[in-house]
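A look at the structure
Listed below are the residues making up each chain.
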Amino acid sequence: MAENYDVIIIGSGPGGYIAAIRAAQLGLKTAIVEREHLAGICSNWGCIPTKALLRSAEVMHYAEHAKNYGLKIEGTVKADLKAVVDRSRGIAQRMNAGVGFLMKKNKVDVVWGEAKLTKSNEIVVAKSSKKPMEPQAPLPKNTKGEGTYTAKHIIIATGARPRALPGIEPDGKLIWTYFEAMVPPEMPKSLLVMGSGAIGIEFASFYRTMGVDVTVVEVLPAVMPVEDAEISAFAKKQFEKQGMKILLEAKVAKVEKGANSITAHVELKDGKVEKITADRMISAVGVQGNIENLGLEALGVKTERGCIVIDSYGKTNVAGLYAIGDVAGPPMLAHKAEHEAVVCVEKLAGLPNVHPMDKLKIPGCTYCNPQVASVGLTEAKAKAEGKDIRVGRFPFVANGKAIALGEDQGLVKTIFDKKTGQLLGAHMVGAEVTELIQGFVVAMNLETTEEELMHTIFPHPTLSETMKESVLDAYGRALNA
Ligand SMILES: Cc1cc2nc3c(=O)[nH]c(=O)nc-3n(C[C@H](O)[C@H](O)[C@H](O)COP(=O)(O)OP(=O)(O)OC[C@H]3O[C@@H](n4cnc5c(N)ncnc54)[C@H](O)[C@@H]3O)c2cc1C
């Protein structure tokens with residue numbers, strides 16, 4: 001007989017495992033199904049292992065520039081690539097062990113295998129079509145296996161995978177996805193990165209800092225095209241100073257493969273075609289939801305552009321079925337998946353006053369060098385919405401802490417509603433802005449106005465003072481510039 005639960009979650013990424021913990025906290029009998037790696041893409045092949053690689057690159061950068069800090073390092077600083085990759089993989093393993101521990105601690109049953117919906121309240125778990133990731137921490141002792149399971153509520157949290165362009169499909173050898181880019185067996189001398197979204201630009205930054213000759217090809221007119229135009233232009237200049245070649249409004253039309261290199265035919269904005277030869281290429285043209293082989297069509301679950309359609313509480317059009325995280329559409333970010341998970345579970349558990357998901361208040365962070373972070377409306381979007389705005393700007397070059405850190409290249413931009421003073425958006429580029437942005441996220445969530453921000457005391461000396469100065473600047477009151 002099928003084992004019955006209150007909630008079953010398919011997929012154990014940041015969406016799935018957070019949903020499982022919240023459901024268990026609310027006293028619901030909960031199971032989570034996973035086919036490949038506990039903790040999902042984020043911990044195993046996404047957010048965390050990339051930050052580990054970027055940290056190695058950052059330390060390398062500081063070591064190479066030690067003399068800027070009055071220090072002498074004898075000899076040349078060299079990367080031991082295997083050790084850099086091993087460190088990143090070790091951290092991924094630690095993360096998936098952590099999720100195993102959390103499942104056990106919260107008495108969530110782990111079911112190992114590939115889930116398919118047979119009814120809106122029933123799944124069949126079969127042997128996984130995927131090879132379990134290595135290294136993988138041991139699974140919790142009580143892990144269950146193949147069989148039929150039923151639940152009052154089923155949450156689909158199956159995540160996403162790399163998108164491929166027809167004719168330029170990754171082959172894992174010469175054309176990489178993020179999977180191969182994260183575990184390079186040897187450092188390429190040259191690299192072409194197709195796509196300058198967060199994933200593409202983080203890898204471009206990592207490889208460039210490690211000494212690789214990097215070219216980025218972006219079809220849109222800006223790097224990191226979702227960011228405020230001024231911030232992406234600022235970041236582009238910094239990347240170019242570091243020696244990155246960036247081609248905007250350019251398109252990889254065709255790729256010829258050699259024995260150990262590729263030649264990309266890149267259509268430039270003036271119509272000319274430039275042939276670029278590189279040892280390796282990373283295809284970073286976005287991700288697509290894992291909606292296949294889940295039984296969605298048979299149940300009539302509505303999908304759109306490769307993702308499951310949900311309301312702002314994670315409900316699909318089929319009663320008892322929910323979707324969260326990457327499979328439920330953009331922005332495809334771990335913290336969006338986690339928040340959606342909590343909102344979805346609290347709503348299905350019948351908690352009162354559950355706040356619907358507000359996508360405008362989801363911050364975005366890119367961990368390139370310099371970092372980029374933002375929340376809310378860009379200047380262009382605010383104008384397109386017909387808002388009357390005030391814009392403040394403050395450069396890192398006028399901030400004492402940034403100068404002391406040797407990180408004086410950055411910019412903070414804030415956007416306010418002229419009439420009400422409400423903070424509509426904040427956009428930052430520079431050192432540690434991925435940590436700083438949370439100040440503005442809290443402010444936006446509390447619907448803060450310029451007045452309250454101006455009355456807030458920011459500690460000195462910190463990079464965060466640039467945030468206050470940007471607010472002051474929007475009202476013609478900047479003190480240090
Ligand atoms: C290189 C890279 C860097 C990133 N960096 C960041 C970052 O810095 N910050 C950020 O916020 N986001 C980042 N992301 C995005 C982030 O990883 C995702 O948004 C996040 O993992 C989505 O979580 P999820 O729970 O929706 O799905 P996932 O993490 O993708 O997890 C889905 C899980 O479902 C499992 N699954 C799928 N189908 C089935 C099935 N039928 N049966 C059983 N199990 C199944 C999969 O094996 C997987 O473990 C990055 C992504 C990549 C690729």
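As the structure is a computational prediction, the values presented were derived from the model and not from experiment.

Conventions adopted
- Residues numbered from 1 in each chain as written.
- Predicted model: local features only at pLDDT ≥ 70, side-chain atom pairs only at ≥ 80, totals over all residues.
- Heavy atoms only, no water.
- UniProt positions renumbered as here; feature names shortened; annotations may be inferred.
- Helix = DSSP H or I, 4+ residues; strand = E, 2+ residues; numbered from the N terminus.
- Polar contact = N/O pair within 3.5 Å; in protein donor to acceptor, adjacent residues only side chain to side chain.
- Expected span 1.5 Å × (residues − 1).
- Buried < 20%, exposed > 50% of the residue type's maximum accessible area, 1.4 Å probe, protein only.
- Contact = heavy atoms within 4.5 Å.
- Near = heavy atom within 4 Å.
- Areas by Shrake-Rupley, 256 points an atom, 1.4 Å probe, with all protein chains shown as cover.
- Domains from an automatic or database assignment.
- Axes fitted to C-alpha atoms, helices over the stretch in contact; angles between N-to-C directions.
- Parallel < 35°, antiparallel > 145°, perpendicular 65-115°, else oblique.
- Left-handed = near helix turned anticlockwise from the far one by under 90°.
- Nonpolar A, V, L, I, M, F, W, Y, C, P; charged D, E, K, R; others polar.
- Salt bridge = Lys/Arg side-chain N within 4 Å of Asp/Glu carboxyl O.

1. Brief notes about the UniProt feature "active site" (unreviewed entry) in the protein chain
Residues annotated by UniProt as "active site" (unreviewed entry) correspond here to H460. In this structure, H460 sits in the loop between α13 (450–454) and α14 (465–474). Among the polar contacts listed, one links the side chain of H460 to the side chain of E465, at a separation of 2.7 Å.

2. Things to note about helix α4 (residues 81–105)
Look at α4: 36 Å from first C-alpha to last across 25 residues, which is about the 36 Å you get at 1.5 Å a residue. Those residues of α4 that fall on the buried side of the exposure criterion are L81, V84, V85, S88, R89, A92, N96, V99, G100 and M103. The secondary structure elements touched by the buried residues of α4 are α1 (14–25), β2 (30–34), α2 (40–45), α3 (47–64), β3 (109–112) and α6 (198–209). A positive backbone phi angle near 55° is found at K107, which sits one or two residues after α4.

3. Quick look at the environment of V108
Here V108 lies in the loop between α4 and β3. Judged by its relative accessible area of 1%, V108 is buried. Between the alpha carbons of V108 and K251 there is a distance of 47 Å; along the sequence they are 143 residues apart. Other than its neighbours up to four places away in sequence, V108 contacts A20, A24, T30, A31, I32 and M103.

4. A word on the environment of A92
Tracing the backbone through its elements, the reader meets A92 in helix α4. You can call A92 buried: its relative accessible area is 0%. Sequence separation of A92 and E297 is 205 residues, and the distance between their C-alpha atoms is 34 Å. Apart from residues no more than four positions distant in its own chain, A92 is found in contact with S43 and N44.

5. Looking at helix α9 (residues 334–348)
Between the first and last C-alpha of α9 there are 21 Å, a value that for 15 residues agrees with the 21 Å anticipated at 1.5 Å per step. Looking at α9, one finds that the buried residues are A334, K336, A337, E340, A341, V343, C344, V345, E346 and L348. Lining the buried residues of α9 we find β1 (3–10), α1, α2, α3, β6 (147–156) and β19 (321–323). Positive backbone phi, approximately 85°, marks G350, located one or two places after α9.

6. Here we look at the UniProt feature "domain: Pyridine nucleotide-disulphide oxidoreductase dimerisation" (unreviewed entry) in the protein chain
UniProt annotation of "domain: Pyridine nucleotide-disulphide oxidoreductase dimerisation" (unreviewed entry) refers to residues 362–470 when read in the numbering used here. Across residues 362–470, helical content stands at 33% and strand content at 28%; the span's end C-alpha atoms are separated by 21 Å.

7. Quick word on the site of the ligand
Among the 39 residues in the neighbourhood of the ligand, the closest are listed as G15, E34, K51, D326 and A334. Between the ligand and the protein, one listed contact pairs an oxygen atom with a backbone N or O atom of M332 at 3.3 Å. At a separation of 2.8 Å, an oxygen atom of the ligand approaches a polar backbone atom of A334. Considering the ligand on its own, with 990 Å² of exposed area, one finds that the protein chains cover 95% of that surface. Only α1, β2, α2, α3, β4 (114–119) and α9 provide two or more residues apiece to the shell around the ligand. Built from parts of two domains, the shell around the ligand gets at least three residues from each of domain 1 (3–53 + 81–161 + 288–359) and domain 2 (175–285).

8. Describing the packing of α1 against α9
Any two packed helices are characterised by how steeply their axes cross, that is the angle between the axes, and by the distance between the axes. Direction vectors running N to C along α1 and α9 enclose 30°, while the axes themselves pass 8 Å from each other. Taken together, the axes of α1 and α9 lie roughly parallel to each other. α9 is crossed by α1, and the crossing has right-handed handedness. For the pair α1 and α9, contact is made by P14, G15, I18, A19, R22 and A23 and by A334, A337, E338, A341, V342, V345 and E346, respectively. Partitioning the contact of α1 with α9 into residue classes produces nine nonpolar, one polar and three charged.

9. Considerations on the pattern of salt bridges
One pass over the structure, following the stated rule, counts 25 salt bridges. When the shortest N-O distance is used, the salt bridge between K236 and E240 registers 3.1 Å. Of this pair, K236 and E240 both sit in helix α7 (residues 229–241), four residues apart, which is roughly one turn of the helix. For E240, a relative accessible area of 32% gives the class partly exposed.

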